[in-house]
Every structure is written in structure tokens, then in C-alpha cells.
Amino acid sequence: MDVIFQKPKFRKLKKQGLTYVDMHFHTSYSMDTSTRVTFIAKRAKMLGCGVAITDHNEIKGSFELAKKKKCLVIPSIEITSSELLDIIPYFYHPNDLKDFYDKYIKHYTRPNIGFNFNRVTWKFEEILHKLKKYRCIINLPHPYAPYPQNTDPFLLKENKKLINLIDSLEVLNGTLHRERNISAIKLNKKLKKAYTGGSDGHTLFQLGEVITITENTDIEGFLDYIKKHQNIVMGEEMSFTHRSWVQLVIFKNALKFKIKEKSHKITHKDGNN
């Protein structure tokens, strides 16, 4: 498994004819960021970087970016189960992403409790089984993240049988501390899964800070390289200062979403009276 802890040098990667994608990035269609697709498209083109838009239980950002035709877009979504466990599937075709979303996500979100936004009604195991109907790579992001939930006790101690349903692990997440990513790398060496890396970006400057690299230029070839363990993950985690700032941005956007949601409920209630 090739994981390189260094800042990507995009010009060098371009000259080598390599394809590199930030496999975990959020747009303003997620409740915790305000980064617009238009700006993502411009920066992605400038960097020569592909993007997997992984908005929380939402696909509008992924399709909007793909329509702009500025960069390679891996069809994806970040799903939060009823137990607060995240799953990121990477689909081989956007039509499959839309079909999955329309059937199993669009009408199955749970009411928000506190800042636990956009959970779906399905359990973790149920989501995995539904995804197995599609051609996709089922990825487990940030397995040692403290939020929304550390998957270690759930997956490795309580539900070991579910490991066989997971295709890959995110071994380098740009928002986490190095020791948590090292733990993910060690876990994946033990499980021998495919592996990815992404910035988990919520601000524009994070785009491309962590990338997954292959030699193929289209969606199918790129994902096949990952499935065959023929990719490289490269990048660095944010500094303490940048991480603190990004967390503040995330909290600010989530708070704005919460206030807007509450205001909408009050208005709706008054309108019914």
C-alpha cells in the first residue's frame, strides 16, 4: 500500500500523465459548508484535479459539477446511517448514483436532532446490502474519526461480518490528526482492502490537499485501479491553525443551517394556523 505524506506537486503529476482525484469533498449542498460548485470547478481545473463530491446524503453538487465539464468527477455521496456511521460509495456511472439516491436516500432522511444532520432511516448494514445491488466501490471514510462515530468498536468488535461488505478504506483524511490516519493505514494493512485518500474539504483551499492517484483518465479505469490496489494516496493533514479555522467554518455553517431550519419550522407552523 502506497501512502505518501507530502503536499502534492500538481505540475509534476501532470507531466507524468497521472490522474489524481480528491476523493472526499463537500459543496454548499452539504449543511456544513458554503463552498459553491462554480468555485470548485474553477480551482479543480486550475489544479488539474478530479473531484468526488461527497455531500451529506445529497447528489446535486456532484451532478452540477459534472455538467460543467471542467474536471473528472467521480459519482459519489456520503451517507450517514441511523447509527451515525458514514459510508462513501464511488459509482461507476452517474445514473447508478441517481437511481440509488432516488430509491434509498431522497425520501429516507431522519429528522435532525441537535447537530446530527441528515441521517437516513437505514441502518449501516442495510445501506451496505442496498449498495451491493450497484456497481460501485463501497468505501469506509475516516474509520478513526471522533465524529460522527469511531467505527472501530462498531465494525471490529460488534459487527465483524460487515467487513466483508466493505471494499475500501479511507486511509488518509486531510482533516484528521496524523495518528488517526496511521491507525487507518494499520487497519487496512490488516484487512487488505482497497484504499483511498481525500481532503474531506469544506473550504475551497482544501481541494487537492489529499489525492488518490492512478494512471487511468476515465471513471471506470480510475476506479478499477483502486479496486486492484494499483493506486497511490498522497497528501498532508491540515496544520492545527488551519484545522481550527475549518472546524469553526463548519460549525458556523451548521449553526446557520440549524437556525434556518428552525425558522422554516416556525413559519410553516404559523402558516398552518
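Scoring rules and cut-offs
Residues numbered from 1 in each chain as written. Predicted model: local features only at pLDDT ≥ 70, side-chain atom pairs only at ≥ 80, totals over all residues. Heavy atoms only, no water. Core = buried A, V, L, I, M, F, W, Y, C linked by side-chain atoms within 4.5 Å. Buried < 20%, exposed > 50% of the residue type's maximum accessible area, 1.4 Å probe, protein only. Helix = DSSP H or I, 4+ residues; strand = E, 2+ residues; numbered from the N terminus. Contact = heavy atoms within 4.5 Å. Pairing = 2+ DSSP bridges. Axes fitted to C-alpha atoms, helices over the stretch in contact; angles between N-to-C directions. Polar contact = N/O pair within 3.5 Å; in protein donor to acceptor, adjacent residues only side chain to side chain. Salt bridge = Lys/Arg side-chain N within 4 Å of Asp/Glu carboxyl O.

Description of the nonpolar core
Okay, so step 1: By size, the foremost hydrophobic cluster in this structure holds 38 residues, and its most contacted members are I79, F100, F124, L128 and L131.
Okay, so step 2: Elements supplying a minimum of two residues to this core: β5 (86-91), α4 (94-104), α5 (124-131), β6 (136-140), α6 (151-158), β7 (168-173) and α7 (178-191).
Okay, so step 3: Each residue touching L128, except ones within four places of it in the same chain, is listed here: I87, I138, L162, L165 and I166.

Topic: the sheet that holds strand β3 (residues 50-53)
Okay, so step 1: A sheet is described by the order of its strands in space; here five strands give the open sequence β1-β10-β9-β2-β3, paired in mixed fashion. At either end of the open sheet lies a strand with only one pairing partner, and these are β1 (2-4) and β3. Each adjacent strand pair in this sheet contributes to an overall mean axis angle of 25°, direction not counted.
Okay, so step 2: Sheet topology note: the strand β2 (residues 19-25)/strand β9 (residues 210-214) ladder contains three bridges and is antiparallel.

With respect to the environment of A145
Okay, so step 1: Inspection of the secondary structure assignment puts A145 in the loop between β6 and α6.
Okay, so step 2: Under the relative-accessibility criterion, A145 is labelled buried at 3%.
Okay, so step 3: C-alpha separation for the pair A145 and H177, spaced 32 residues apart in sequence, amounts to 9.1 Å.

Section: the side chain of S199
Okay, so step 1: Secondary-structure assignment places S199 in the loop between β8 (194-198) and β9.
Okay, so step 2: The exposure class assigned to S199 is buried, which follows from its relative accessible area of 1%.
Okay, so step 3: Only 3.5 Å separates the side chain of S199 from the backbone oxygen of H24, close enough to count as a polar contact.
Okay, so step 4: Polar side-chain contacts of S199 include one of 3.0 Å to the backbone nitrogen of G201.
Okay, so step 5: With near-sequence residues (within four places) excluded, S199 lies in contact with D22, H24, F25, N173, G174, T175, Q206, E209 and V210.

Re the pairing of β9
It is a general feature of regular strands that their side chains alternate between the two faces of the sheet.
Okay, so step 1: Judged by how many residues are buried, β9 sits mostly within the fold: five of five residues are covered.
Okay, so step 2: In the sheet, β9 pairs with strand β10 (residues 232-235) via four bridges, with the strands oriented antiparallel. By the bridge assignment, V210 is partnered in β10 with G235.

Remarks on the pattern of salt bridges
Okay, so step 1: Applying the stated rule across the entire model yields seven salt bridges.
Okay, so step 2: Measuring nitrogen to oxygen at the nearest pair gives 3.4 Å for the salt bridge that ties D99 to K103. Taken together, the positions of D99 and K103, both in helix α4 and four residues apart, correspond to about one turn of that helix.
Okay, so step 3: Residue K103 is classed as partly exposed on the basis of its relative accessible area, which comes to 45%.
Okay, so step 4: With a shortest N-O distance of 3.1 Å, R135 and E220 are connected by a salt bridge. Of the two residues, R135 is situated in the loop between α5 and β6 and E220 in helix α8 (residues 219-227); the sequence distance between them amounts to 85 residues.
Okay, so step 5: For E220, a relative accessible area of 40% gives the class partly exposed.

Nothing here speaks to function; it is geometry throughout.
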